Amino acid sequence: MAVQAIHHRTVAVRGHEIFYREAGAADAPVLLLLHGFPTSSYMFRDLIPRLAGRYRVIAPDHLGFGHSAAPSAKEFPYTFAELAALTGEFTERLGLDRFALYIQDYGAPIGLRLALAHPERINAIVTQNGNAYDEGLGTEAWAPVRALIAERTPRTEEPVRAIRSLEGIRRQYETGVPPRYRSLLNPDAWHHDAALMTRDGQDGIQLDLIADYGSNFALYPAFHEYFRRSQVPLLAVWGEGDEVFVPAGAQAFRRDLPAAEIHLLPTGHFALETHAPAIAALMDDFLGRTVGRAV
């Protein structure tokens, strides 16, 4: 099968330039990849080529992340509701009326809000450390975030700022990765993320989003009801060493989706850094049975 070129494009949504990576045939089943914090569509660099021969793969950078526009927090209301609405408009601009979702970290509440708004558009979900259950929240990792959500003050902001420092980001990549896989971690990944996190305005953008994360907790019951009503096919490919979204969050999907396929992998929060081939193989099998493949 010929290697598919990856195109790097932008589209204006509400006057904001949204950057995205795209590969695969225009008439192939669509797979929408939604990244998490503090990264961008760059996290999918090893996954896209492995799937683009059979799917139309589209991976946008959320507003404020990666190569997308980053208006200041005074110019744009950085909430998960707004990012989800913007992502929905992005899919409409590209004419995507039916697609499978890949959700990771921030991509989970953004993607699941899309599913609540337009359940008829979602034909499958792949969640890679993309949480939707209280038991998936690591107690220690979430303590500073919960403190910020409860009361936003200079005192509660400071520990959260540390999460997006170079060392804080590197820790997210390395934590939970067994020694035998450590050499697969590419330091370009956390240096890339950290460099983009130093742009003007990022302090306000990221603090506003983290402070708003409690709005996602409030939607967990609605997400669960969506799962129960739709019985959407779901594959969880989860780094079991993740301290942010712990393995219990993966197992919890079976409570509302008994047929969910759950795979715990010996790695951490950014599982694609060490297990892209395994994840691509699991996805290809799952998507082939649920949404089909390009001929």
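The structure contained in this document is the topic of the report that follows. Predicted model only: the values in this text are computed from it and were never measured. Residue indices begin from 1 for each chain and proceed along its sequence in written order. Selection of residues for local features in this predicted model requires a pLDDT of at least 70, selection of side-chain atom pairs for listing and counting requires 80 or more, and totals for whole chains, interfaces and linings are taken over all residues. Excluded from the side-chain calculations are hydrogens and water; all other atoms, namely the structure's heavy atoms, are used.

1. Details of empty space enclosed by the protein
Phase 1 of the analysis: Whether a set of points on the 1 Å grid over the protein atoms alone is a cavity depends on a 1.4 Å probe fitting there but being unable to get out, while an open set qualifies as a pocket with protein on both sides within 12 Å along at least five of seven lines; lining residues are those with an atom within 4 Å of a point. Grid points are joined across faces, edges and corners, and a volume is the space filled by probe spheres set on the points. Applying the stated criterion across every chain yields a total of four cavities of 30 Å³ or more.
Phase 2 of the analysis: In this structure, the largest cavity encloses a volume near 70 Å³.
Phase 3 of the analysis: The wall of the largest cavity is formed by V13, I18, P60, D61, H62, L63, L83, L86, T87 and F90.
Phase 4 of the analysis: The element contributing the most residues to the lining of the largest cavity is helix α2 (residues 80-93), with four residues.
Phase 5 of the analysis: Note that Gly is not counted as nonpolar here; it falls among the polar residues with everything else outside the nonpolar set of Ala, Val, Leu, Ile, Met, Phe, Trp, Tyr, Cys and Pro and the charged set of Asp, Glu, Lys and Arg. Broken down by class, the residue content of the lining of the largest cavity amounts to seven nonpolar, two polar and one charged.
Phase 6 of the analysis: Looking at the second largest cavity, its volume works out to about 50 Å³.
Phase 7 of the analysis: If you go around the second largest cavity, the residues you meet are P38, T39, S40, G64, F65, G66, D193, L196, M197, R199 and Q202. The secondary structure listing takes helices from DSSP runs of H or I that are at least 4 residues long and strands from runs of E that are at least 2 residues long, numbered from the N terminus.

2. A look at the pairing of strand β6 (residues 122-127)
Phase 1 of the analysis: Buried residues are those whose accessible area, probed at 1.4 Å on protein chains only, stays under 20% of the maximum for their type, while exposed residues exceed 50% and partly exposed ones sit between those limits. With respect to burial, β6 is a largely interior element, six of its six residues being buried.
Phase 2 of the analysis: Two elements, strand β5 (residues 99-103) and β6, share five bridges in a ladder whose sense is parallel. By the bridge assignment for β6, I103 is matched with T127.
Phase 3 of the analysis: Tracing the backbone out of β5, into helix α3 (residues 107-117) and back to the parallel element β6 gives a crossover that is right-handed.
Phase 4 of the analysis: When DSSP locates at least two bridges between a pair of strands, those strands are taken to pair. Pairing of β6 with strand β7 (residues 234-239) involves three bridges; the strand directions are parallel. The partner of I125 across the bridge, within β7, is L234. Note on handedness: a crossover is taken as right-handed if, strands pointing away from the viewer, the path from the first strand over the helix to the second is clockwise.

3. So, the packing of aromatic side chains
Phase 1 of the analysis: Only centres within 6.5 Å qualify two rings of Phe, Tyr or Trp (six-membered ring in Trp) as a pair; their planes then separate them into stacked at under 30 degrees, edge-to-face at over 60, and tilted for everything else. Inspection of every chain in the model, using the stated rule, returns 21 aromatic pairs.
Phase 2 of the analysis: For the pair Y173 and W190, a centre-to-centre distance of 5.8 Å together with 55° between the ring planes defines the contact as tilted. Note that Y173 is positioned in helix α6 (residues 166-174) and W190 in helix α7 (residues 187-196), a separation of 17 residues in sequence.
Phase 3 of the analysis: The exposure class assigned to Y173 is buried, which follows from its relative accessible area of 2%.
Phase 4 of the analysis: Through a chain of ring-to-ring contacts, the aromatic side chains of F37, F65, F80, Y106, W142, Y213, F217, Y220, F223 and F245 assemble into a single cluster.
Phase 5 of the analysis: Distance and angle both matter: a charge sits over a ring if NZ of Lys or CZ of Arg is within 6 Å of the ring centre and within 35 degrees of the ring normal. Here the basic side chain of R45 rests over the ring of Y42, its NZ or CZ set 4.4 Å away from the ring centre.

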